[in-house]
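What follows is the residue order along each chain.
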Amino acid sequence: MATTNDLKNGLVLKLDGDQLWTVVEFQHVKPGKGPAFVRTKLKHVLSGKVVDKTFNAGVKVETANVDKRGMQFSYKDGTDFVFMDTETYDQINITPEVVGDAANYLLEGFEAVVAMYEGAPLYIELPASVELVIEYTEPGVQGDRSTGGSKPARLETGHEIGVPLFITTGEKVKVDTRTGDYLGRVNS
């Protein structure tokens, strides 16, 4: 248990029964009249739904003990993703629903943070950007470079992103894992 004074970004709360919500942002408000309160933006851990919720100042809220562990993606077993704990070397299978869009950027040996609650994986946290090789893209046409357009490119993971026209097959690029946007070339 914690009070609303203990709220901080990233804290996981247990509200409305056993639903888990992560604090995305919070603000302590002390109006001229009336009692102080805390305005929060909460994100549902499983569905990703974001809601605004207001708490009276000093109210007790139940926190959930979410264990975040550094794990390495080992391989895909059927539809499941197998991750290995980098400290204990234990392997766990994680369903595609839990992995979500992170699957678009996972390669064997890739490090990620797996959030666990009561022994069950909740979600995967990737770094803000990853470096991947372009497996295939159409060649750019001379003269196209000045327009600043983009073309589709398939990454080594099989995921498709938009890249500038000057990017060629075999180049290593940096990709934003949150939006899937091309961030730039990587000089090897």
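Preceding this paragraph is the structure being described.
No experiment lies behind these values; they were computed from the predicted model shown. (Residues numbered from 1 in each chain as written. Predicted model: local features only at pLDDT ≥ 70, side-chain atom pairs only at ≥ 80, totals over all residues. Heavy atoms only, no water.)

Enquirer: Is there a simple way to think about the pattern of salt bridges in this case?
Expert: Oppositely charged side chains can pair when the atoms bearing their charge come close. Under the definition given, this model contains seven salt bridges. Of the charged contacts in the structure, one is a salt bridge between Arg69 and Asp67, with a shortest N-O distance of 2.6 Å. The class of Asp67 is partly exposed, set by a relative accessible area of 33%. The shortest N-O distance in the salt bridge between Lys68 and Glu125 comes to 3.0 Å. One end of the pair, Lys68, is in strand β7 (residues 67-77); the other, Glu125, is in strand β11 (residues 120-125), with 57 residues separating them in the sequence. Three or more residues are tied together by salt bridges with common partners; here these are Asp67, Arg69 and Asp85. (Salt bridge = Lys/Arg side-chain N within 4 Å of Asp/Glu carboxyl O. Buried < 20%, exposed > 50% of the residue type's maximum accessible area, 1.4 Å probe, protein only. Helix = DSSP H or I, 4+ residues; strand = E, 2+ residues; numbered from the N terminus.)

Enquirer: Please clarify how the pairing of strand β13 (residues 150-155) should be interpreted in this entry.
Expert: Here β13 shows a clear split, with Lys151, Ala153 and Leu155 buried on one side and none of Ser150, Pro152 and Arg154 buried on the other. Pairing between strand β12 (residues 129-137) and β13: three bridges, direction antiparallel. Bridging from a neighbouring strand, Tyr136 pairs with Arg154 of β13. Joining the antiparallel neighbours β13 and strand β14 (residues 160-164) is a turn of four residues, in which Gly158 adopts a positive phi near 100°. (Pairing = 2+ DSSP bridges.)

Enquirer: I keep staring at the sheet that holds strand β10 (residues 111-117) and nothing clicks. Help me out?
Expert: Whenever strands of a sheet pair, they do so through backbone hydrogen bonds, lying parallel or antiparallel. The sheet built from five strands is open, its strands ordered β9-β8-β7-β10-β11 with antiparallel pairing. Every interior strand has two partners, whereas the edge strands, β9 (91-94) and β11, have only one. Adjacent strand axes in the sheet meet at a mean angle of 45°, parallel and antiparallel pairs treated alike. By the bridge criterion, six bridges tie β7 to strand β8 (residues 80-85) in an arrangement that is antiparallel. Bridge pairing links Met71 to Asp85 in β8. (Axes fitted to C-alpha atoms, helices over the stretch in contact; angles between N-to-C directions.)

As far as function goes, none of this settles anything; it's purely spatial.
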